Amino acid sequence: MALQPDLVLAAEINSPEQVQALEDLKLTVYYLPNPRTFDDSLCQPGDRGEIDGRSAEAARLNESLKTRYDAVIQKLSQAQRAPGVFYEIDATDPTRPYTSGPGTFVDLVIGLAGGKNIGGELKDAFAQISSEELVKQDPDIIVLGDALYGVTPESVAQRPGWNALSAVKNKQVFAFDDNLISRPGPRLIDGLEQMAQLLHPELFK
């Protein structure tokens, strides 16, 4: 109230009670539902542009994002196979690391980028996978979403038993900025481009 905002943007992390409390204070609140699809995330800048009175700028941004998306998908249409991908979120316990399961944006981006998320077969969106199941799935590529916390391809190779994985043996373990795909927003296109280049470098030479 002290800042006297002209507009408050709320999201699903804000409870209906919080939103109502802001409205009761006579503040203008615009509720942004969480995007469910890649297209939803690309459309949100346009929605905010309408609200902010910057429709033309938002339209240009939307068009730029859509052009980049189409370019990536076009290149990936030439992919010959979908490599199995293990996306690591947290391996504090390397015998049961956390990964992104079905319905997450990580799962969506890996699929769009021409890969198969091995965590997509699990039950929960934020799930642990056992060492035994990881060896059974034997991912072609390991993507380290926890690289921001100091995890490196070299440290992964030193974990007991991980040197048996194809991704480790073939040096297909890569650091990745988890911020790009763990939350929906315009940065998803950056994440998609980078993921596609990791999974199919032959198409982006």
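Scroll up to find the structure this text is about.
Residues numbered from 1 in each chain as written. Predicted model: local features only at pLDDT ≥ 70, side-chain atom pairs only at ≥ 80, totals over all residues. Heavy atoms only, no water.

(A) Expanded view of the overall build of the protein chain. When helices and strands are tallied, the protein chain shows eight helices and eight strands. Summarising its shape, the C-alpha atoms of the protein chain cover approximately 60 × 35 × 30 Å along the three principal directions. For the protein chain, with 205 residues in total, the buried portion stands at 38%. For the protein chain, restricting intrachain contacts to residue pairs at least 6 apart in sequence, the fraction spanning at least 24 positions comes to 60%. When the accessible area of the protein chain is evaluated, it comes to approximately 11600 Å², of which 51% is carbon and sulfur surface. (Helix = DSSP H or I, 4+ residues; strand = E, 2+ residues; numbered from the N terminus. Buried < 20%, exposed > 50% of the residue type's maximum accessible area, 1.4 Å probe, protein only. Contact = heavy atoms within 4.5 Å. Areas by Shrake-Rupley, 256 points an atom, 1.4 Å probe, with all protein chains shown as cover.)

(B) A look at the packing of helix α4 (residues 105-112) against helix α8 (residues 188-199). Between α4 and α8, whose axes approach to 9 Å, the crossing angle comes to 50 degrees. Of the possible angle classes, the one that applies to α4 and α8 is oblique. Of the two possible hands of crossing, α4 and α8 adopt the one that is right-handed. Contacts between α4 and α8 involve F105, V109, I110 and L112 from the former and L188, G191, L192, M195 and L199 from the latter. Of the residues assigned to the contact of α4 with α8, the class counts are eight nonpolar, one polar and no charged. (Axes fitted to C-alpha atoms, helices over the stretch in contact; angles between N-to-C directions. Parallel < 35°, antiparallel > 145°, perpendicular 65-115°, else oblique. Left-handed = near helix turned anticlockwise from the far one by under 90°. Nonpolar A, V, L, I, M, F, W, Y, C, P; charged D, E, K, R; others polar.)

(C) Local environment of the pairing of strand β3 (residues 84-90). Among the seven residues in β3, five count as buried, and that is most of the element. Here four bridges tie β3 to strand β7 (residues 141-144), and the two strands are oriented parallel to one another. Along β7, the bridge assignment pairs V85 with I141. As judged from the two bridges shared by β3 and strand β4 (residues 98-100), these two strands associate in the antiparallel manner. Looking at β4, one finds that D90 is bridged to Y98. (Pairing = 2+ DSSP bridges.)

(D) The pattern of salt bridges, seen in detail. Evaluated as defined, the whole model comprises six salt bridges. A salt bridge links K66 to D70; its shortest N-O distance comes to 3.1 Å. Remark: D70 and K66 occur in helix α3 (residues 55-76); sequence separation between them is four residues, near one turn of the helix. The class for K66 is partly exposed, based on a relative accessible area of 37%. Look at the salt bridges and you will find they share partners, linking R68, D190 and E193 into a network. (Salt bridge = Lys/Arg side-chain N within 4 Å of Asp/Glu carboxyl O.)

(E) A look at the environment of V156. Summarising the element assignment, V156 is placed in helix α6 (residues 153-157). For V156, a relative accessible area of 0% translates into the label buried. V156 sits 17 residues away from V173 along the chain, and the two C-alpha atoms are 8.1 Å apart.

(F) Seen up close, the packing of aromatic side chains. Following the criterion strictly, the structure yields three aromatic pairs and no others. Measuring from ring centre to ring centre gives 6.3 Å for Y87 and F176, while their planes differ by 75 degrees; the resulting arrangement is edge-to-face. Here Y87, found in strand β3, pairs with F176, found in the loop between β8 (173-175) and α8; they are 89 residues apart in sequence, far enough to count as distant. Between Y98 and F126 the ring centres are 4.5 Å apart and the planes differ by 10 degrees, which places this aromatic pair in the stacked class. Taken as a pair, Y98 in strand β4 and F126 in strand β6 (residues 126-128) lie far apart in primary sequence, 28 residues in all. (Phe/Tyr/Trp six-rings, centres within 6.5 Å; stacked < 30°, edge-to-face > 60°.)

(G) Geometry of the nonpolar core. Core analysis: the biggest nonpolar cluster contains 25 residues, and Y87, I181, L192, M195 and L199 have the highest contact counts within it. For this core, the element with the most residues is α8, which contributes seven residues. In contact with I181, not counting residues within four places along its chain, are Y87, F105, V106, V109, F176, L188, G191 and M195. In terms of nonpolar packing, the next biggest core, distinct from the first, is built from 13 residues, I118, L134, L144 and V173 among them. (Core = buried A, V, L, I, M, F, W, Y, C linked by side-chain atoms within 4.5 Å.)

(H) Geometry of the environment of P83. With respect to the helices and strands, P83 occurs in the loop between α3 and β3. With sequence-adjacent residues up to four places away left out, P83 is seen in contact with G114, G115, K116, D140, I141, L199 and H200.

Read these as spatial facts, not as claims about activity.
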